[in-house]
Amino acid sequence: GGLNYFDPIAQTFIHYNHDPNDPKSLSSNNVKALFIDSKENLWIGLYHGGVNLLSKGSQEFIHFPPFSTIRDDNVLSIAEGKNGIIWIGTLSNRISYYNPETKTFVPFNPNASNKNRIAYRMVRDILFDSKQNLWIGTDKGLNVMWHDKVGFEHIAIKKENYEYLIQCIQEDSKGQIWVGLLKGGLALVEPKSKEITVFDTEEGLAGNNVFGILEDSKHNLWISTNNGLSMFDPQQEKFTNYTIEDG
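Reading guide: rules and limits
Residues numbered from 1 in each chain as written. Predicted model: local features only at pLDDT ≥ 70, side-chain atom pairs only at ≥ 80, totals over all residues. Heavy atoms only, no water. Helix = DSSP H or I, 4+ residues; strand = E, 2+ residues; numbered from the N terminus. Buried < 20%, exposed > 50% of the residue type's maximum accessible area, 1.4 Å probe, protein only. Salt bridge = Lys/Arg side-chain N within 4 Å of Asp/Glu carboxyl O. Pairing = 2+ DSSP bridges. Axes fitted to C-alpha atoms, helices over the stretch in contact; angles between N-to-C directions.

Draft legend 1. Region of interest: the environment of Lys 192. Looking at the secondary structure, you find Lys 192 in the loop between β19 (185–189) and β20 (196–199). Judged by its relative accessible area of 72%, Lys 192 is exposed. Sequence separation between Lys 192 and Leu 205 is 13 residues, and the spatial gap between their C-alpha atoms is 26 Å.

As C-alpha cells, then:
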C-alpha cells in the first residue's frame, strides 16, 4: 500500500506510506485518487484517510481532517474547477469543495431544492470539462451541471432497464466525454446532442469493467479494464488489446 513516485531520470521509485509516529506522513496507505492541480500540487484521496495535499517541492503531507468538514474519510475522486477550486467526491454520497481562505473543505449540497436533483449515493468520479460543465459519475449514473444552467441533468447510460454504474469520466481533445462503466464497457457522450454510443467486448474492448481512460498525443484512448489494457482509435473505432502475455 501507500504512494509510489517514479523518477524517470534516475529510473527509481520513491515510496511514501503512513507512519503513525509522523503526523506529516501519508494519513492512510489505501490510496483511491490522485490529482495534480494547475499549480502542480498533488492531491491524494484516501480510504479511511480523507484528503492529503503534497505541495510542489515538499516532502510533507498536509492532512484535512475528515471528521470536521469533509464528513466522510473515504475519498474516491478529485477534480479542479473554476479559479483553481478543488472538488472531491466520497463513498457516502458527499461532494465538497476547498475554500483556500479558510483552508477547509465545504460541503456542496446540490439537492438543497428538489428541482433538478442529482442521482447518487456513491460519488465515483468528478470532471470539469473545458467549458466548465461539471460531470459527476455515481452508482446511480451520470449527472451534469451545465455551466450556463442551474441544477443537474441526469444522462442515462443503460441497456434495456438496467442503468450502468459510472467508474470514470474523461474529456478528449475534441471536447467529447468518455465514460467508463461497470459491466457495460466504454460510453461516448456527445455534450451538444447528448447522443450516447457504447463500446463493449462485442466491439473488441478487452473487458466490460472500465477503470480508467487516458488520451495520448495521437488522440488514441488507453483504457484499463478487468481483462487487460485496450488502445482505442476513435477515427477507425478499432481496439488493440494488451494482456499480461504481452509483457
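After presenting the structure, the write-up continues.
Draft legend 2. Expanded view of the pattern of salt bridges. Enumeration over the complete set of coordinates arrives at 3 salt bridges. The residue Glu 60 makes a salt bridge to Lys 24 at a minimum N-O spacing of 3.5 Å. Taken as a pair, Glu 60 in the loop between β5 (50–54) and β6 (62–64) and Lys 24 in the loop between β2 (12–16) and β3 (31–36) lie far apart in primary sequence, 36 residues in all. Here Glu 60 falls in the partly exposed class, since its relative accessible area comes to 42%. On the accessibility criterion, Lys 24 (44% relative accessible area) is partly exposed. Ionic pairing is found between Glu 40 and Lys 56, a salt bridge with its closest N-O pair at 3.0 Å. With Glu 40 in the loop between β3 and β4 (42–46) and Lys 56 in the loop between β5 and β6, this residue pair connects regions lying 16 residues apart in the sequence. Look at Lys 56 and you get exposed, because its relative accessible area is 55%.

Draft legend 3. Molecular detail of the sheet that holds strand β22 (residues 221–225). Strand order across the open sheet formed by 4 strands is β21-β22-β23-β24, with antiparallel pairing between neighbours. A strand with exactly one partner marks an edge of an open sheet, and here the two such strands are β21 (210–215) and β24 (238–242). Each strand axis lies, on average, 20° off the axis of its neighbour in the sheet, ignoring direction. Note that strand β23 (residues 228–233) and β24 share 5 bridges and pair antiparallel. Pairing of Phe 232 across the sheet is with Phe 239, part of β24.

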